[in-house]
Amino acid sequence: MVVTQLLRFSSSRTSVFSAVRSYRCYSKVQLSPALSERLRVFESLKEKRDDGSRGKATEQPLSIRLADGRTLKGTAGVTTPFLIAQSTRVKGALVSKVNGELWELLRPLEADCDLQLLDFNTVEGKQTAWRTGVCVLGGVLEAVVGAELVREGVSETGLYCDHLLENSTLSLMAVEERCKEVAALKLPISRLELNVQEVRELFQDFKLRLQLIEEEMPGPTLTVYRCGDSIGVYSGPLLPHTGLLKVFKMLQMSPVTIANSAESAGVLRLMAVAFPGEKERADWEKKQEEARRRDHRRIGKDQELFFFNDVSPGSCFFLPKGAHIYNTLTDFMKSEYKRRGFNEVVTPTLYSTALWERSGHWEHYSENMFTVTSESTQTYALKPMNCPAHCLMFEQRVRSWRELPIRWADFGALHRNELSGALGGLTRVRRFCQDDAHIFCTPEQLEEEMVACLDFVRTVYRVFGFSFHCLLSTRPTPCLGAPELWDTAEEQLERSLEHFGERWELNPGDGAFYGPKIDVQIKDAIGRQHQCATIQLDFQLPIRFDLQYVGADGETHRPVMVHRAVLGSLERMIAILAENFGGKWPLWLSPAQIMVVPVGGSSESYAQQVVVRFRQEGFIADLNEDQGATLNKKIRSAQLDQYNYILVVGEKECVSGTVSVRTRGGKQLGRRPTEEVLTSLTQLRDTRSNLEEF
């Protein structure tokens, strides 16, 4: 019955969409000659593709396994995720995943598969909606406003269009209304795979845009979409049509700098968001308000943790309280290193370009490096990563199989020349530090090392209270290394993830060009996802540095290299933690742990003794000596300053050797012996507990 329904529905859909295949113009205004020519070229190329693909559908039976465990039947080349959503009455589906790969709703299924239908509440669904929103906004800017599109895309926070606009100004509200009107036309979206020559033909009259497209091409071909009169390049699937977007909101317009381009003067970035309906918009606005309240930049200023200054753009100045958090995180990682067999190393910050040329970074990454010229001839660069230096250390002498695995950790300062427009608080900086480590091991040791790395990640993230899941990112196109090597490595990573036992997903084609990787995505207290930890295999650096060890057979062998970070950038992790905790740091991490409040002049001496006693045990303890403030004002002041505990001492506490304990949240834990409180708080701190009561 399901198959019959699907086939019948498919026939009607085919007839509907065949009607829009021919070239037509959707705009009510006269298009420029350049835009008209681009539409003509697109449709000409599409017609050639359609002629070549007719009759190739296999129409073989296939089996579709849904996320809820049900299995449906369909037809290869005919059944689409959209039809499945219609048949199973799934509402709100915007995109799908087929065997872990993102898949457009109208793209026919090709073989037996696992199918997930994703709505706006998922990251993938939201990104798909926003990519389609880019199509609509780009079309309005080009056809209605007369702007020249330079680049478009989506980020974690919304969508954007970089454009040039001469002799005109934009009303954001008017653009919003036009986007809503255009989306309501339910414009169909068609896709086309083009090679480099065809891309050049399509964008021949848009020099800057073509330059940026060619720079970012992931391989020999590129997916180009047509939506109404707009043609663009997008890095992922789109919606079936624009009518699924009901609400648009323009956020801001600002200048943007484009690297390595003399023609980028005057480029503006228009940022926006789009939603399937008012409910999604309301939910987004609520989350935005909560995010503003938790913004780490506000918390950093209010709590005097850090600041930035134009004398060193993108480099953070950590004040004493911020430095305490920074050092506590570092000490946490170092304690885990000792337990897990890692050895810390210290490496230089400045290297000759000879090292970067040898590693391959100079060819692919030099524009992101800060360089220094010495004695007018030799060029040096500040290191943006530690791996080449660790390879140098490995090759300093002959290594034996008995030494492996070697695990080296490095907290050296890194520098990356990020564009000024991309800098934002602690989340994107130019000077930063990673909990960076590299493992050199034998192929036989790899699986065990990967499981140990994953356990390391779980241990750390549990302390912070993060939930997380893993992504297995497989070989991209292009990639370096033999296919057999990739197959073996991906199988080993998959076995490691299965053994690890936590939730994981396949992320096809998103591996590094030098090896597959496992990325770990965390979810914070307000549901936002962040990618911090990464575990990457590297086939290329051991080859480039000709790294070898002597095996048990007396022969030389190539070691496997693993790049590993758990926190990632310490600066970014501090931003994430500040927003996750809303500035209410747990005791073990807090830069304001204990405030002692004396009641009456006779108790001040005892209060000072309490402060000294807690400081002797390593706590950050302060004394409120404001004699003009009332008790309630002192307590309220300590709570606003985010002290974890307020210890009130008066005459009774002096006589009995006790303190009256209040939490930051206002809960009174009663009068307790000072040594008992010290013991309890020491246990909370040393176990890195996030609990408040004891």
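Because the structure is a prediction, the values reported are computed rather than measured.

Caption draft 1: View of the environment of Leu493. Locating Leu493 in the fold gives a position in helix α15 (residues 483–500). The sequence separation of Leu493 and Gly568 amounts to 75 residues, and the corresponding C-alpha distance is 20 Å. Those residues within four positions of Leu493 in sequence are excluded, and the remaining contacts are Met450, Leu472, Pro516, Lys517, Ile518 and Leu537.

Caption draft 2: Quick peek at helix α18 (residues 604–616). Over its 13 residues, α18 extends 18 Å from the first C-alpha to the last, a length consistent with the 18 Å expected when each residue adds 1.5 Å. When we look at burial in α18, the residues that qualify are Tyr606, Ala607, Val610, Val611 and Phe614. Down the axis of α18, the sector holding all buried residues measures 145°, keeping them to one side. Taken together, the buried residues of α18 touch β30 (594–598), β31 (621–623), β32 (645–649), α20 (651–656), β33 (658–663) and α21 (674–686). Of the residues trailing α18, Gly618 is marked for its positive phi of about 90°.

Caption draft 3: Geometry of the pairing of β33. With five of six residues buried, β33 is to be regarded as a mostly interior element. Pairing of β32 with β33, which is carried by four bridges, proceeds in the antiparallel orientation. Note on β33: the bridge partner recorded for Leu647 is Val661. Bridge count for β33 against strand β34 (residues 668–673) is five bridges, and the pairing is antiparallel. Paired with Ser660 across the strands is Arg671, a residue of β34. Taking the residues that link successive antiparallel strands as the turn, the β33-β34 hairpin has four residues, and the phi of Gly666 there is positive, at about 100°.

Caption draft 4: Representation of the packing of aromatic side chains in the model. Under the defined criterion, the tally for this structure stands at 26 aromatic pairs. Geometrically, the ring pair formed by Tyr337 and Phe411 is tilted, given 5.9 Å between the ring centres and 50° between the ring planes. Of the two residues, Tyr337 is situated in helix α10 (residues 320–340) and Phe411 in the loop between β20 (406–410) and β21 (413–415); the sequence distance between them amounts to 74 residues. Per residue, the accessibility class of Tyr337 equals that of Phe411, and both read buried. The ring centre of Phe206 lies 4.5 Å from the NZ or CZ of Arg38, which sits over that ring.

Caption draft 5: Main features of the sheet that holds strand β3 (residues 95–98). If you trace the five strands from one edge of the open sheet to the other, you get β2-β1-β5-β3-β4, paired in mixed fashion. The open sheet is flanked by β2 (71–75) and β4 (101–103), the only strands paired with a single partner. Direction aside, neighbouring strands of the sheet carry axes that sit 35° apart on average. Both strand β1 (residues 61–66) and β2 contribute to a ladder of five bridges, which runs antiparallel. Looking across to β2, one finds that Leu62 is bridged to Gly74. Together, β3, β4 and β5 (113–118) form the strand contacts of helix α4 (residues 123–145), whose direction differs from that of β3 by roughly 130°.

Caption draft 6: Molecular detail of the pattern of salt bridges. Considering all chains together, one arrives at 51 salt bridges under this definition. Ionic pairing is found between Arg358 and Glu395, a salt bridge with its closest N-O pair at 2.9 Å. A residue pair is termed long-range when its members are at least 10 positions apart, and Arg358 in helix α11 (residues 353–359) and Glu395 in the loop between α13 (387–394) and β19 (399–400) qualify at 37 residues. Overall, the relative accessible area of 31% leaves Arg358 in the partly exposed class. Its salt-bridge partner being Asp622, residue Arg615 comes within 3.6 Å of it at the nearest N-O pair. Since its relative accessible area comes to 47%, Arg615 is described here as partly exposed.

Thresholds, definitions, all that
- Residues numbered from 1 in each chain as written.
- Predicted model: local features only at pLDDT ≥ 70, side-chain atom pairs only at ≥ 80, totals over all residues.
- Heavy atoms only, no water.
- Helix = DSSP H or I, 4+ residues; strand = E, 2+ residues; numbered from the N terminus.
- Contact = heavy atoms within 4.5 Å.
- Expected span 1.5 Å × (residues − 1).
- Buried < 20%, exposed > 50% of the residue type's maximum accessible area, 1.4 Å probe, protein only.
- Arc of directions from axis to C-beta.
- Pairing = 2+ DSSP bridges.
- Phe/Tyr/Trp six-rings, centres within 6.5 Å; stacked < 30°, edge-to-face > 60°.
- Lys NZ or Arg CZ within 6 Å of the ring centre and 35° of its normal.
- Axes fitted to C-alpha atoms, helices over the stretch in contact; angles between N-to-C directions.
- Salt bridge = Lys/Arg side-chain N within 4 Å of Asp/Glu carboxyl O.

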